[in-house]
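Understanding the architecture of this molecule
One-letter residues, chain by chain:
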Amino acid sequence: MSVSAVAADRSVCAPLPVLGRDVRVPLVTGGEVDYAALDYAASAPALQRVWDDVAAYAPYYGSVHRGAGYLSQLSTDLFENSRRTIEEFLGCGAEDQVIFTRSTTDSLNLLASVLPQDTRVFVFETEHHASLLPWEQRTDVAVTYLNAPRTPQQAVDTLEKALAEREPYGPALVCVTGASNVTGELWPVRELAAAAHAHGARIVLDAAQLVPHHPVDLAELDVDWVAFSGHKLYAPFGAGVLAGRADWLQDAAPYLAGGGASRKVSRRTDGGVDVEWHTTAARHEAGSPNVIGAYAIASACRALSEAGFEGLIAREQALITRVREGLAEVPEVNVLSLFGEDAARVGVLSFVVEGWNSSHFAAALSAEYGIGVRDGLFCAHPLVRTLLGSEPQEPGECGAPDSAPGERSLNAIRVSFGAGTPDEHVERFLRAVKELVTDGARWNYRTEDGRCVPAV
């Protein structure tokens, strides 16, 4: 389906209203243009609905849990109702817990902190650093890094083999992404979950890039935990979620020690203190909670559910098709992929342009066309280095990232979009790519603090 046909298909949603859609930015070549936000994979703009809900609540903001005043009680109800909204959104079971965190990174570090001693963790090298690195912080946990698969089936086979060979047989955890933050490709989550459970392992889903684009149901996907961030779910107010099984969470010491996590604290005769910790989600939510962040996530969950994922997915797929077809018309552009051109994906694509350093190209898109994309290694260094292993780069060009002795400078460009992306932003992006490749940049650029910026 082409973008021009989207409006004619009644099953396809119009773009959802987001903040910043009317922001004007200056161009180095003169004049201003509406900013084209095509960096949703880093932080999606706030849905207008989310902003309106937060603004309506803000005058009533108060302390949570234990406050006797009206605003405290209202805020407590709002906070706990937000938890229930997210439980419903994720299809949580009666025994599951929803814990509010700061981000996906925080959620996975929390989970890493509660793993039983001697747990074996299995993680593909293709993961975002948020799900690749937390396990290394535990000296009593063993981590097995799995090589990048080239097909979904190879991912399942690789995991099956690794789990079957593990010794000693004890607690094990598999960590996998739902959608790559580099290629946008969907991973075979159900099949990986089945493999994990068949070998007595548990599985956590990094849904940071999946939950803004597709429904995520714990029971349907058969995962034990799911982690995601509000700022990628159109709710950029500093909150995240870890949801799923409660047992390991209840058995471990609190992630943070402090007020809210403790149920009872008393002095001992020897001068120390005895602490009784909560067994609910509060056990790992010490300190004053981010009520607005939690409420914003719940608001986004309601907004996406009410809009209907079927229509949102249909429109996004039309945009993906348009971007892929448009980039395919430029021979100098190489789109990065693990699973191949036909792989299912969300609205995230990374590419390199022959003859250009990616930082230089991204800077020109911004300065000359008002288009915001991302360049670099996207906090997924092993994956991007694997994908770029044979790609030519220009190490001396503007903005080229530093490389270790003997290494070539590597980076890529990422374009990402979602429920709030207008057709015009996609068309302007494709037009800009073609013009830059054909005619070159119209401005001179220099490197400043490691970034490529317009020369003045």
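Rules used in this analysis
Residues numbered from 1 in each chain as written. Predicted model: local features only at pLDDT ≥ 70, side-chain atom pairs only at ≥ 80, totals over all residues. Heavy atoms only, no water. Helix = DSSP H or I, 4+ residues; strand = E, 2+ residues; numbered from the N terminus. Buried < 20%, exposed > 50% of the residue type's maximum accessible area, 1.4 Å probe, protein only. Contact = heavy atoms within 4.5 Å. Pairing = 2+ DSSP bridges. Axes fitted to C-alpha atoms, helices over the stretch in contact; angles between N-to-C directions. pLDDT = per-residue confidence, 0-100. Patch = residues over 30% accessible without salt bridge, like charges linked within 9 Å, V, L, I, M, F, W, Y side chains within 5 Å. Areas by Shrake-Rupley, 256 points an atom, 1.4 Å probe, with all protein chains shown as cover. Salt bridge = Lys/Arg side-chain N within 4 Å of Asp/Glu carboxyl O. Parallel < 35°, antiparallel > 145°, perpendicular 65-115°, else oblique. Nonpolar A, V, L, I, M, F, W, Y, C, P; charged D, E, K, R; others polar.

The topology assignment puts valine 346 in the loop between strand E13 (333-335) and strand E14 (348-353). Valine 346 sits in the buried class, given a relative accessible area of 0%. Sequence spacing of valine 346 and alanine 195 is 151 residues, and the spatial spacing of their C-alpha atoms is 24 Å. Excluding residues that lie within four positions of it along the chain, valine 346 makes contacts with Ala179, Gly184, Leu186, Gln209, His213, His214, Glu316 and Ile320.

Let's shift gears to the sheet that holds strand E16 (residues 374-376). The strands that make up a sheet pair up through hydrogen bonds in the backbone, lying either parallel or antiparallel. Ordered by their spatial adjacency, 4 strands build an open sheet running E13-E14-E17-E16, and the pairing between neighbours is antiparallel. Every interior strand has two partners, whereas the edge strands, E13 and E16, have only one. Averaged over all pairs of adjacent strands, the angle between their axes in this sheet comes to 30 degrees, without regard to strand direction. Alignment of E16 against strand E17 (residues 412-416), held across 3 bridges, turns out to be antiparallel. When the bridges of E17 are listed, glycine 376 appears paired with alanine 412.

Our next topic: the sheet that holds strand E4 (residues 97-101). Ordered in space as E4-E10-E9-E8-E7-E5-E6, the 7 strands form an open sheet in which the pairing is mixed. Edge positions in the sheet fall to E4 and strand E6 (142-146), since each has one partner strand and no second. Taking the axes of each pair of neighbouring strands and ignoring which way they run, one obtains an average angle of 20 degrees across the sheet. Pairing of strand E5 (residues 120-124) with strand E7 (residues 172-177) involves 4 bridges; the strand directions are parallel. Bridged to valine 121 within E7 is leucine 173.

A few words now on the confidence of the model for the chain. Chain-level pLDDT for the chain is 93 on average; 93% of the residues reach the 70-or-more range. When the criterion is pLDDT under 50, residues 1-8 qualifies, and its contacts beyond four places in sequence or with other chains add up to 15 contacts. Within the model, the stretch residues 392-396 combines pLDDT values under 50 with 11 contacts to residues more than four positions away or in other chains.

On to a nonpolar patch on the surface. Together, Tyr60, Tyr70 and Leu71 make up an exposed nonpolar region whose accessible area comes to about 330 Å². Assignment of secondary structure puts tyrosine 70 in helix H2 (residues 70-90). By relative accessible area, tyrosine 70 is classed as exposed at 60%.

Here the focus is the environment of leucine 249. Relative to the helices and strands, leucine 249 resides in helix H8 (residues 247-251). In this structure, the C-alpha to C-alpha distance between leucine 249 and arginine 283, residues 34 residues apart in sequence, is 8.2 Å.

This part takes up the packing of helix H10 (residues 309-328) against helix H13 (residues 423-439). Where H10 meets H13, the axes come as close as 10 Å, and the angle between the chain directions of the two elements is 10 degrees. As far as their axial angle goes, H13 and H10 are roughly parallel. Packed against H10, whose contacting residues are Arg315, Leu319, Arg322, Val323, Gly326 and Leu327, the element H13 presents Asp423, Val426, Glu427, Phe429, Leu430, Val433 and Lys434 at the interface. Here the contact of H10 with H13 is composed, by residue class, of 7 nonpolar, 1 polar and 5 charged.

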